[in-house]
Amino acid sequence: MKKLLLPLLLLCFSISFSQEITDDPNLDSEEVFKRDTAKNELSIGTFNLVVFGALDLAYERILTPHSSWAVEGFVLALDRDSEDVGDAFTKDFSLTGKYKYFFSERRTAWGFYVNGFAMVSSGEYYKYREIYNDGYYQSERDYNNYTDLALGFGLGGKFVSKQGFFLDLNAGIGRNLFNDNSPTIVGQFNVNLGFRF
């Protein structure tokens, strides 16, 4: 009898830990959806990809039903000399860390949110320089490469289907802190499509 007790206890513990648990009292045990139990998300910035030719990938980890942290990588793939739309971004590369707080009580990491972010970016930025030549003032661009750290905040909304697919819309603004050759203000506008797993 004692020999059966240990395997029986191990079986009970493994069954109890393998069940998916949700904190939402409104859900029946049969109505547990992927969006309410999964903790990891991968997404791609479709707006930046289509309009600007930029690869914008994000990984997000849900910490609590109301908070998450995310890491976003951005690479501009356009040739700046041949396409004017590339001027929308002064950065060629960025890595951004975000902390998001969600306001919705309905679902896990769902609905409207605010976020704080820190962004390390690098690229080429120009400033105008006035030159006095033969009695006339002329304006020229001075191009400089930069790498800088920006801190900022943003607002957004995430809407997740029962199967785990989601749409994340967000915009943010921040300020570069250290380099005089970098843009003072950085902006973010993302339309991400992704999957929660």
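Draft legend 1. Structural detail: the side chain of S67. Its location among the elements puts S67 in strand β3 (residues 67–76). In this structure the side chain of S67 is engaged in a polar contact, spanning 2.8 Å, whose partner is the side chain of T64. S67 has contacts with I62, Y99, K100 and F102, leaving out every residue within four places of it along the chain.

Draft legend 2. Structural view of the sheet that holds strand β1 (residues 40–45). Ordered by their spatial adjacency, eight strands build a closed barrel running β1-β2-β3-β4-β5-β6-β7-β8, and the pairing between neighbours is antiparallel. Direction aside, neighbouring strands of the sheet carry axes that sit 25 degrees apart on average. With eleven bridges joining them, strand β7 (residues 165–176) and strand β8 (residues 185–196) adopt antiparallel strand pairing. Paired with D168 across the bridge in β8 is N192.

Draft legend 3. Local environment of unusual backbone geometry. Even without being glycine, A109 reaches a positive phi, approximately 45 degrees. Position of A109 among the secondary structure elements: in the loop between β4 (91–102) and β5 (111–133).

Draft legend 4. Summary view of the pattern of salt bridges. All told, the structure shown has six salt bridges when counted by the stated rule. Between K100 and E60 there is a salt bridge, and its shortest N-O distance comes to 3.0 Å. Of this pair, K100 sits in strand β4 while E60 sits in strand β2 (residues 54–64); the two residues are 40 residues apart in sequence, bridging distant segments of the chain. Per residue, the accessibility class of K100 equals that of E60, and both read buried. Here K158 ties to E60 by a salt bridge, and the two come within 3.0 Å at their closest N and O atoms.

Draft legend 5. Up close: the environment of T90. One can find T90 in the loop between β3 and β4. Spatially, the C-alpha atoms of T90 and Y126 are 8.7 Å apart, while their sequence positions differ by 36 residues.

Draft legend 6. Empty space enclosed by the protein, seen in detail. Going through the model one piece at a time under the given rule, you end up with one cavity of 30 Å³ or more. Its volume calculated, the largest cavity comes out at about 60 Å³. Mapped by element, the contributors of at least two residues to the lining of the largest cavity are β1, β2 and β7. Taken together, the residues that form the lining of the largest cavity break down as three nonpolar, three polar and five charged.

Draft legend 7. Quick peek at the pairing of β8. Here five bridges tie β1 to β8, and the two strands are oriented antiparallel to one another. By the bridge assignment, S43 is partnered in β8 with G194.

What counts, and at which threshold
Residues numbered from 1 in each chain as written. Predicted model: local features only at pLDDT ≥ 70, side-chain atom pairs only at ≥ 80, totals over all residues. Heavy atoms only, no water. Helix = DSSP H or I, 4+ residues; strand = E, 2+ residues; numbered from the N terminus. Polar contact = N/O pair within 3.5 Å; in protein donor to acceptor, adjacent residues only side chain to side chain. Contact = heavy atoms within 4.5 Å. Pairing = 2+ DSSP bridges. Axes fitted to C-alpha atoms, helices over the stretch in contact; angles between N-to-C directions. Salt bridge = Lys/Arg side-chain N within 4 Å of Asp/Glu carboxyl O. Buried < 20%, exposed > 50% of the residue type's maximum accessible area, 1.4 Å probe, protein only. 1 Å grid on protein atoms, 1.4 Å probe; cavity = no way out; pocket = protein on both sides within 12 Å on 5 of 7 lines; lining within 4 Å. Points joined across faces, edges and corners; volume = space filled by probe spheres on them. Nonpolar A, V, L, I, M, F, W, Y, C, P; charged D, E, K, R; others polar.

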